[in-house]
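Descriptive analysis of the structure
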Amino acid sequence: MHEKKNTILVVDDEPQIQKMLGILLDVENYKIVESTSGKEAVRLCASVKPDLILLDLGLPDMDGKNIITSIREWSQVPIIVLTVRSSDEEITAALNMGANDYVTKPFNVDVLLARINASLRTAAVQETGEPELTNGSLRMDLVRHEVFVNDTLCAFTPKEYDLLRYFMVNRGKMLTHKEILKQVWGSAHGADTTYLRVYIGQIREKIEENTATPIFITTEPGIGYRMEVIQPVAKAA
């Protein structure tokens, strides 16, 4: 038998969802821990120390957003919200409270697995603190503050560099407008979405082959942006 890789805590009170996710994640070789209540989920997060949490917001004893707040007081474990709530307000609130991603039910299995893998990869990069970040044909030298696209050095202003670095460190994660502006420009610029859009456009001009259909930084309408996780570029033999 293959040794199970990452541990995923599934927090959901629907037996059908628990069963389906249990089968799906087991096939993908994840170790699964299940919880049907918020208080139990917080306890399990502390004792089991999962690598990722799949969290439903509609739990019988407490709102899932309160669970996010509680866990974020002491842990940065990736949290993917998995729920029927699909309003922009709910999504934005959960992300601003510390969720890494948001998937609505019913969900596409392949999309969910891709989001799980992306969040786990992002967490691994953050832990290692490597001096170089790579995503497909894009590479950042964090020591020299240089950006390469297809191994060609590209000129970036200091603020463009800071913004791209924030995306690269959090690649695979959905980032809200407010979160990006606060982290890169400071809390005083939390509402300057037009300002952010201009800088996103400038960066896309430098890293995307086609800015009309970007593959690196994609837009989540009404919410924010995501740096997609791109597979490494295969080198010729």
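Keep in mind that this is a model prediction, so the values were computed, not measured.

The next subject is the sheet that holds strand E11 (residues 217-220). In any sheet, the strands associate via hydrogen bonds between backbone groups, in a parallel or an antiparallel arrangement. Spatial strand order, E10-E12-E11: 3 strands in an open sheet with antiparallel pairing. The sheet is open, and its two borders are formed by strand E10 (174-176) and E11, each paired with just one other strand. Ignoring which end each strand starts from, the neighbouring axes of this sheet average 30 degrees apart. Across the sheet, helix H7 (residues 177-184) touches E10 and strand E12 (224-227), and the angle it forms with E10 is around 75 degrees.

Let's shift gears to the confidence of the model for the chain. One rule of thumb: low pLDDT means the predicted coordinates there are not for detailed reading. Looking at the chain as a whole, its pLDDT mean stands at 88, while 93% of the residues score no less than 70. The element-level mean pLDDT for the chain is lowest in helix H5 (residues 109-128), coming to 82, with strand E3 (residues 52-55) highest at 96.

This part covers the packing of aromatic side chains. The full count for this structure, using the stated rule, is 3 aromatic pairs. Ring geometry for Trp-185 versus Tyr-199: centroids 5.1 Å apart, planes at 70 degrees, classification edge-to-face. With a gap of 14 residues between them, Trp-185 in the loop between H7 and helix H8 (193-207) and Tyr-199 in helix H8 connect regions that are remote in the sequence. Overall, the relative accessible area of 16% leaves Tyr-199 in the buried class. Ring centres 5.4 Å apart and planes at 65 degrees place the aromatic pair Tyr-195 and Tyr-199 in the edge-to-face group.

Okay, the pairing of strand E2 (residues 31-35) next. Relative to E2, strand E1 (residues 7-11) is paired through 5 bridges, and the arrangement is parallel. Each residue of the ladder has a partner; that of Val-11, found in E2, is Ser-35. Chirality of the crossover, the property in question, places the unit of E1, helix H1 (residues 15-27) and E2 among those that are right-handed.

Let us look at the packing of helix H6 (residues 158-169) against H8. The geometry of a pair of packed helices is captured by two quantities: the angle between their axes and the separation between those axes. Close contact between H6 and H8 brings their axes to 10 Å; oriented N to C, the two are set at 85 degrees. Regarding the angle of H6 to H8, the classification is roughly perpendicular. Between H6 and H8, the contacting residues are Lys-159, Glu-160, Leu-163, Leu-164 and Phe-167 on the first element and Leu-196, Tyr-199, Ile-200, Gln-202, Ile-203, Lys-206 and Ile-207 on the second. Taken together, the residues of the contact of H6 with H8 break down into 8 nonpolar, 1 polar and 3 charged.

Turning next to helix H4 (residues 88-96). Along H4, the residues classified as buried are Ile-91, Ala-94 and Leu-95. Projection of H4 onto a plane perpendicular to its axis shows the buried side chains occupying an angular sector of 95 degrees, all on one side. On its buried face, H4 is in contact with helix H3 (64-72), strand E4 (79-83), strand E5 (101-104) and E10. Backbone geometry just downstream of H4 places Gly-98 in the positive-phi region, at approximately 125 degrees.

Turning to the side chain of Asn-100, a few remarks are in order. Along the polypeptide, Asn-100 turns up in the loop between H4 and E5. With residues near it in sequence (within four places) discarded, Asn-100 still touches Arg-72, Val-77, Pro-78, Ile-79, Leu-95, Ser-119, Lys-173 and Met-174.

In spatial order, the strands read E2-E1-E3-E4-E5; together these 5 strands make up an open sheet with parallel pairing. The strands lining the two open edges of the sheet, one partner per strand, are E2 and E5. Direction aside, neighbouring strands of the sheet carry axes that sit 20 degrees apart on average. In the sheet, E1 pairs with E3 via 4 bridges, with the strands oriented parallel. Bridge assignment links Leu-9 to a residue of E3, and that residue is Ile-53.

So, how was this worked out
- Residues numbered from 1 in each chain as written.
- Predicted model: local features only at pLDDT ≥ 70, side-chain atom pairs only at ≥ 80, totals over all residues.
- Heavy atoms only, no water.
- Pairing = 2+ DSSP bridges.
- Helix = DSSP H or I, 4+ residues; strand = E, 2+ residues; numbered from the N terminus.
- Axes fitted to C-alpha atoms, helices over the stretch in contact; angles between N-to-C directions.
- Contact = heavy atoms within 4.5 Å.
- pLDDT = per-residue confidence, 0-100.
- Phe/Tyr/Trp six-rings, centres within 6.5 Å; stacked < 30°, edge-to-face > 60°.
- Buried < 20%, exposed > 50% of the residue type's maximum accessible area, 1.4 Å probe, protein only.
- Right-handed = clockwise from strand over helix to strand, strands pointing away.
- Parallel < 35°, antiparallel > 145°, perpendicular 65-115°, else oblique.
- Nonpolar A, V, L, I, M, F, W, Y, C, P; charged D, E, K, R; others polar.
- Arc of directions from axis to C-beta.

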